[in-house]
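# Coordinates in review
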Amino acid sequence: MIGYVALDEAKKFIKNRYEEVSDTELSKGLYKALDKIESLMIRDSGKSDKQELIFPRINEKKVPDEIKKAQILEAYSITKSINDDTSNDIEKGIASKSIGDMSISYSTNAMNKIGSIVFANSEAKAILYKYVRKTYDWS
C-alpha cells in the first residue's frame, strides 16, 4: 500500500483508462500525491495516535473510493507531466515567464489549488475540495 491504494490497484485503474506508466514512476507519483492529500486541512480527520493517515475520517469505516481515485489521478498526472514545462511551472507557482521578447502568463484561475497546494489534476482537486475544512485563508 502506498497511502490509500495498492500499486496493483492503481495500475489496473490506469490501464483501463490511460496509457501505462512504469511501476517506479507510478510509485513515486503515488507518494507525491499522498503527500499533497495529507497536507490538506480535512474536515473530521481520522489522523490520531492510532491512525497515521487522514482517511478514513472520524465515523468512517473505510477510505472512500473517490479518495483512492483522487490519489491515482493526481499520481498519474504528476507522472505524465514530468517533461511538460507548463505543468511543472504551474505546480511550482510560476505565474509568468519571459524569454527574450516572448512572454507567457498562466491564468491564476486555471491553477488547480486548494490553499497553497497545487494539483496537477483538476478532477483530483475537485474531489478533494469536497473534504477540505473551509477557513478564511483557504480558497
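None of these values were measured; they are calculated from a predicted model. Every chain's residues receive numbers from 1 upward, in the order its sequence appears when written. Where local features are concerned, this predicted model is filtered to residues with pLDDT of at least 70; where side-chain atom pairs are given and counted, the filter is 80 or more; whole-chain, interface and lining totals use all residues. Working from all heavy atoms in the structure, the side-chain values ignore hydrogens and water.

Moving on to the packing of helix H1 (residues 7-15) against helix H2 (residues 23-38). The angle between the axes and the distance between the axes are what describe a pair of packed helices. At a minimum axis distance of 11 Å, the contact between H1 and H2 shows a crossing angle of 105°. The angle between H1 and H2 places the two elements in the roughly perpendicular class. Contact residues: H1 offers Leu7, Ala10, Lys11 and Ile14, while H2 offers Asp23, Leu26, Ser27 and Leu30. Charged means Asp, Glu, Lys or Arg here, nonpolar means Ala, Val, Leu, Ile, Met, Phe, Trp, Tyr, Cys or Pro, and polar covers whatever is left, Gly included. Of the residues in the contact of H1 with H2, the class split is 5 nonpolar, 1 polar and 2 charged. Between N-to-C directions, angles span 0 to 180 degrees; the directions come from axes that are lines fitted to C-alpha atoms, helices contributing only their stretch in contact. Strands are runs of DSSP state E lasting at least 2 residues, helices are runs of H or I lasting at least 4, and numbering of each runs from the N terminus. Working definition: roughly parallel below 35 degrees, roughly antiparallel above 145 degrees, roughly perpendicular at 65 to 115 degrees, and oblique for all remaining angles. Throughout, a contact is declared for two residues whenever any of their heavy atoms are within 4.5 Å.

Right, let's talk about the pairing of strand S1 (residues 96-99) for a bit. Paired strands are those between which DSSP finds at least two bridges. As paired elements, S1 and strand S2 (residues 102-105) share 4 bridges and run antiparallel to each other. Paired with Ser98 across the strands is Ser103, a residue of S2.

On to the packing of aromatic side chains. The geometry of two aromatic rings is summed up by the distance between their centres and the angle between their planes. Two rings belonging to Phe, Tyr or Trp (six-membered ring only in the last case) form a pair when the distance between their centres is within 6.5 Å. Interplanar angles under 30 degrees mark stacking, angles over 60 mark edge-to-face geometry, and anything in between is tilted. Considering all chains together, one arrives at 3 aromatic pairs under this definition. Measuring from ring centre to ring centre gives 5.8 Å for Tyr4 and Phe55, while their planes differ by 80°; the resulting arrangement is edge-to-face. On the criterion of sequence distance, the pair formed by Tyr4 in the segment before H1 and Phe55 in the loop between H2 and helix H3 (65-80) is long-range, its members being 51 residues apart. Accessibility classification places Tyr4 together with Phe55 in one group, the buried group. Where Tyr18 meets Tyr76, the ring centres are 4.7 Å apart and the plane angle is 20°; that geometry is what we call stacked. You can see Tyr18 sitting in the loop between H1 and H2 and its partner Tyr76 sitting in helix H3, a full 58 residues away along the chain. Type-normalised accessible area, obtained with a 1.4 Å probe on protein chains alone, sets the label of each residue: buried when under 20%, exposed when over 50%, and partly exposed for intermediate values. Assessed through its relative accessible area of 34%, Tyr18 is described here as partly exposed. Cluster of aromatic residues (ring-pair linked, three or more members): Tyr4, Phe55 and Tyr131. For a lysine, the NZ atom is tested; for an arginine, the CZ atom; a charge sits over a ring if that atom is within 6 Å of the ring centre and within 35 degrees of the ring normal. For Arg17, the ring lying beneath its charged end belongs to Phe13, and the centroid distance is 3.8 Å.

Right, let's talk about the pattern of salt bridges for a bit. A side-chain nitrogen of Lys or Arg and a carboxyl oxygen of Asp or Glu constitute a salt bridge if their distance falls within 4 Å. Taken as a whole, this structure holds 9 salt bridges when the rule is applied. In this structure, Glu38 engages Lys47 in a salt bridge whose closest nitrogen and oxygen atoms are separated by 3.8 Å. Owing to a relative accessible area of 47%, Lys47 belongs among the partly exposed residues under this scheme. The shortest N-O distance in the salt bridge between Glu60 and Arg57 comes to 3.2 Å. Owing to a relative accessible area of 15%, Arg57 belongs among the buried residues under this scheme.

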